[in-house]
Structure formats: C-alpha cells, structure tokens
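Examination of the molecular architecture
Here's the letter readout for the chains.
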Amino acid sequence: MAERNLPMREALRSALREEMLRDENVFVMGQEVGLWQGTHRVTSGLLEEFGAKRVRDTPISEMVIAGAAVGAAMAGLRPVAEIMTINFAFLALDAIVNHAAKIHYMFNGQFKVPLVIRCASGWGNQATATHSHTPEPIFAHFPGLYVACPSTPADAKGMLKASIRDDNPVLFSESIALYPKPGPVPMDEDFVLPIGKSDIKREGKHVTIVSYARGVEWSLHAADELAKDGVECEVIDLRWLRPLDMEAVFKSFKKTNRCVVVEESLPHFSVGSEIAAQIQENCFDYMDAPIKRVSSMDVPVPYARDIELMVFPDTQKVINAVKEIL
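Structural notes, computed from the coordinates. (Residues numbered from 1 in each chain as written. Predicted model: local features only at pLDDT ≥ 70, side-chain atom pairs only at ≥ 80, totals over all residues. Heavy atoms only, no water.)

Quick look at the overall build of the protein chain now. Helix and strand content of the protein chain: 12 helices and 14 strands. Radius of gyration (C-alpha) of the protein chain: 19 Å, near the 20 Å computed for a compact globule of 326 residues. A principal-axis box enclosing the C-alpha atoms of the protein chain has dimensions of 55 × 45 × 45 Å. Taken across its 326 residues, the protein chain has 55% of its residues classed as buried. In the protein chain, of all internal contacts separated by at least 6 residues, the share reaching a separation of at least 24 is 82%. When the accessible surface of the protein chain is summed, it comes to about 14,100 Å², and 54% of that surface belongs to carbon and sulfur atoms. One way to put it: in the protein chain the 34 positive side-chain charges average out to a point 2 Å from where the 43 negative ones average out. (Helix = DSSP H or I, 4+ residues; strand = E, 2+ residues; numbered from the N terminus. Rg over C-alpha atoms; globule rule 2.2 N^0.38 Å. Buried < 20%, exposed > 50% of the residue type's maximum accessible area, 1.4 Å probe, protein only. Contact = heavy atoms within 4.5 Å. Areas by Shrake-Rupley, 256 points an atom, 1.4 Å probe, with all protein chains shown as cover. Lys, Arg positive; Asp, Glu negative; His and termini not counted. Charge placed at Lys NZ, Arg CZ, Asp CG, Glu CD.)

See the structure below:
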C-alpha cells in the first residue's frame, strides 16, 4: 500500500476529500471551513474543489451548527460538522447528547444520525483556561455517541473515514498539538480502521501503559527512555473512548501485572478512573501494584507558560509513574 509522510491535518483533509468524492451525500459545514480554509487548515482547498453547496460556512453559533447537522443527518445526508475547538462544543451539548446520541433509540430505530462532529482539543499554547479543555470523557459518558481520539496521522485518516461511513453519530476529537506532527499515511481510498478497536503501539513485558490521543506520544517517548534501563513498556492506544475496547488492555495487564494510564484530561471522573475500575473488576488476581494515573492537574489551565506546562502531563511524569509501580 502506497504511503506518504503527512502531518495529521493533511491526513484528515485526505480523508475528507476521499469521502466527499466517494459519496455525494457527504458535506462539510462549520465556522470558517470554506473561504478561510479552516481555522486549523484541515479543510484547505475543499471549497475550491467541491463548491459552496458541499463546503458550507455557518454562523458563529455552535448550537446552530450541531442542530442543523443533526437535521441534515436525519434527512439522509452525511454532514461533517466542524466546531472550531471542543471548548465551544459545550454550547451545543443539547444537540449532541440529547438529540444526535438519542434519536435512533427514542424513535425506535426509524431514524439514523450519520453525523461526524470534528473538534480540535487540548492544549493550545497559552490559550488559557476556557480554550484548553480536553473533555472527551464527558462526551464518552453518553450511550449512542461514539468518541474518537486519534494519536497518529494514519489513525486520524482511517478513523475519520470509518466515522463518516458509519450510521452512528461520532464526536471526533483532534489534538491541536498533533496537527503538525508527521507520520506515514496510507493513500489507499479504501484504508478504513475499525470503530471501537484499540491498537498496540509498542510491545513490552514489564508495564502496560494505556493512553489515547496526545498521551500516546508522551507514553512512547517514556517507553523509549525506560527501555535504556531495561524496562520494556507495552503501550496501548485506545483510539476510541466509546466504544471502549478493553480486550487488549486486559490481555496486556495479565502479562505485565502493572498499569499506568496517561491522559491529557482532568483526573476526576476520567478515562483513567474507568480503566482502573475495569482492570480491578476483571483482572484483580493479576494485580501486583496499584494502577497509576497520569493526567493534567485538577486546576483551570493557567496562562503563564511555565506554570501552564506544569499542569499538563509530560514524558517525565510518565517515567516517574512507571518507576513508582516497579
């Protein structure tokens, strides 16, 4: 399969373009996705190629964007709605969690909502407390809504294509910090990754590190450093918070008997909490140490750069957590 080295934003654009060419019901909508080429440049060039009917600039209202997208999906189209950052998705919670996630159930299967809501997430380089959320666990709380969190350009492409083709609504979270990071990307238009399937990014035998999105980068860097001291970490990328694939996690934990969960989101009511609970419930007899969680600090994200960096996880914090349970 032919590959190209692309940053994540271009891998996402490739997925959008291929699906728009494949299916005329797929269209893109959101603030500045057309004339401005997208705030994060993911939709660059699509307006020129597909026209204003299929690349729609919207008013500055997240509730309008999400509400209109739900209606379009119910009517048979496949909208890909961009919300500039996930912080603004809070303004569209009613449309996302009370409508998109529940309509199929509430109408006894008579309606489907094949909708993708793309959101840029996470640390934005001194973007301050109201623009630096990583609240994917909030959306994963609600049944009926899939939540995707890719960590590599290839995963981003394969997962977005799968999301667009699926008949269920998907909250597709893209880490702002990963947009410029390059990686090999298959250029096959049929490259689609399965929904709800995790991936082993690195094999090991001493400690299982479970992560997703930007946390995978910190985890892999930590694993590289720990390997110099003879500690082999197995790094599992969840990819999806819902459906949540725990099979690989359980299998790895039964081999290593130790686990660190790494996430950029906040510590309370988190993905780390869920992973720790499920391991305890299903693999208690294999547990040789407490589950360690590495997350952002439980504070609003500060503006000053030095203390902003203190708040977030990093490679060294992952290394420290692994050493603690060894």
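By size, the foremost hydrophobic cluster in this structure holds 48 residues, and its most contacted members are Ile96 and Ile279. Not counting residues within four places of it along the chain, the set of residues in contact with Ile279 comprises Met246, Val249, Phe250, Phe253, Cys259, Phe284, Met287 and Ile291. Met20, Val80, Ala156 and Leu160 belong to the second largest nonpolar core, which has 29 residues in total. (Core = buried A, V, L, I, M, F, W, Y, C linked by side-chain atoms within 4.5 Å.)

Time to look at a nonpolar patch on the surface. A grouping of Tyr105, Met106, Phe107 and Phe111 is seen on the molecular surface, where their side chains present a nonpolar patch of about 490 Å² in accessible area. By secondary structure assignment, the location of Phe107 is in the loop between helix 5 (103–106) and strand 5 (116–121). (Patch = residues over 30% accessible without salt bridge, like charges linked within 9 Å, V, L, I, M, F, W, Y side chains within 5 Å. Salt bridge = Lys/Arg side-chain N within 4 Å of Asp/Glu carboxyl O.)

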